[in-house]
Amino acid sequence: EAGVVQSPRYKIIEKKQPVAFWCNPISGHNTLYWYRQNLGQGPELLIRYENEEAVDDSQLPKDRFSAERLKGVDSTLKIQPAELGDSAVYLCASSSRGGVGTEAFFGQGTRLTVV
Amino acid sequence: AQKVTQAQTEISVVEKEDVTLDCVYETRDTTYYLFWYKQPPSGELVFLIRRNSFDEQNEISGRYSWNFQKSTSSFNFTITASQVVDSAVYFCALSGNNAGNMLTFGGGTRLMVKP
């Protein structure tokens, strides 16, 4: 079974430029998460989707970040414009359901460097 | 609010030594789950174990064992006879019934196993 696939693996952009990350979850997984992991820290949730619906986006900086999950499968996370502080690894994860205690499977992440 | 503390930021051991990674958590939820994930240099988070708050039985899986003590709000992870391949960053995480399935991660412990 294929795992969570993310692309690109690495991205270097200049500040104020836009950037987008793509995630393909495990087939059949209804719940999809985007996490941000700063260097030397644990991941922090940005947004959670149940199918197409964003059910928890309280941690998403909505002035510059946006996300979508069309048709309840793939998802895209966008930053526009990027700032130096956005440099981090962006992790996508999926689970079969959204209930508490459900094991989440993570992709390898996209490492973003803003210069 | 939920909080997970991993006081050990970095541990270095020699191969075949036993090592224990500490995890202390805070939550007001009566039902919650605790997790351990491994993050190798490739970047993806690999699920290791999940325990619910009502099951305090210790668990052993090969060289891995986990000690859950509700009285001290701890969920420690021991690797017996460590191997070089165990070198990674290990994260403890918590999700509570009042936080959906949002995983709150600790800061991680970097384990280096030297030959």
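The rules behind each value
- Residues numbered from 1 in each chain as written.
- Chains lettered and ligands numbered in written order.
- Predicted model: local features only at pLDDT ≥ 70, side-chain atom pairs only at ≥ 80, totals over all residues.
- Heavy atoms only, no water.
- Helix = DSSP H or I, 4+ residues; strand = E, 2+ residues; numbered from the N terminus.
- Rg over C-alpha atoms; globule rule 2.2 N^0.38 Å.
- Buried < 20%, exposed > 50% of the residue type's maximum accessible area, 1.4 Å probe, protein only.
- Contact = heavy atoms within 4.5 Å.
- Lys, Arg positive; Asp, Glu negative; His and termini not counted.
- Charge placed at Lys NZ, Arg CZ, Asp CG, Glu CD.
- Phe/Tyr/Trp six-rings, centres within 6.5 Å; stacked < 30°, edge-to-face > 60°.

1. Re the overall build of chain B
Here's step 1: For chain B, the count of helices and strands is zero helices and twelve strands.
Here's step 2: Sequence-ordered secondary structure for chain B, helices as α and strands as β, is β-β-β-β-β-β-β-β-β-β-β-β.
Here's step 3: The C-alpha radius of gyration computed for chain B amounts to 14 Å, which stays within 12% of the reference 13 Å derived for 115 residues, consistent with globular compactness.
Here's step 4: Here chain B holds 115 residues, and 47% of them are scored as buried.
Here's step 5: Taking as baseline every contact in chain B between residues at least 6 positions apart, the subset at least 24 positions apart corresponds to 57%.
Here's step 6: The average position of the 10 basic charges and that of the 12 acidic charges among the side chains of chain B differ by 2 Å.

2. Some remarks on the packing of aromatic side chains
Here's step 1: Taken as a whole and assessed by the stated rule, the structure comprises 20 aromatic pairs over all chains.
Here's step 2: Their ring planes at 50° and their centres at 5.3 Å tell us that B:W36 and B:F77 sit as a pair that is tilted. Here B:F77 lies in strand β9 (residues 74-79) and B:W36 lies in strand β5 (residues 32-39), a separation of 41 residues in the sequence.
Here's step 3: A relative accessible area of 0% places B:W36 in the buried class.
Here's step 4: Given a relative accessible area of 0%, B:F77 falls into the buried group.
Here's step 5: On the numbers, 5.2 Å between centres and 90° between planes, the contact of B:Y64 with B:F77 is edge-to-face. Taken together, the residues B:Y64 in strand β8 (residues 64-69) and B:F77 in strand β9 connect sequence positions 13 residues apart.
Here's step 6: Here the aromatic cluster, defined as three or more aromatic residues joined through ring pairs, consists of A:Y33, A:Y35, A:F106, B:F35, B:Y37, B:F47, B:F91 and B:F105.

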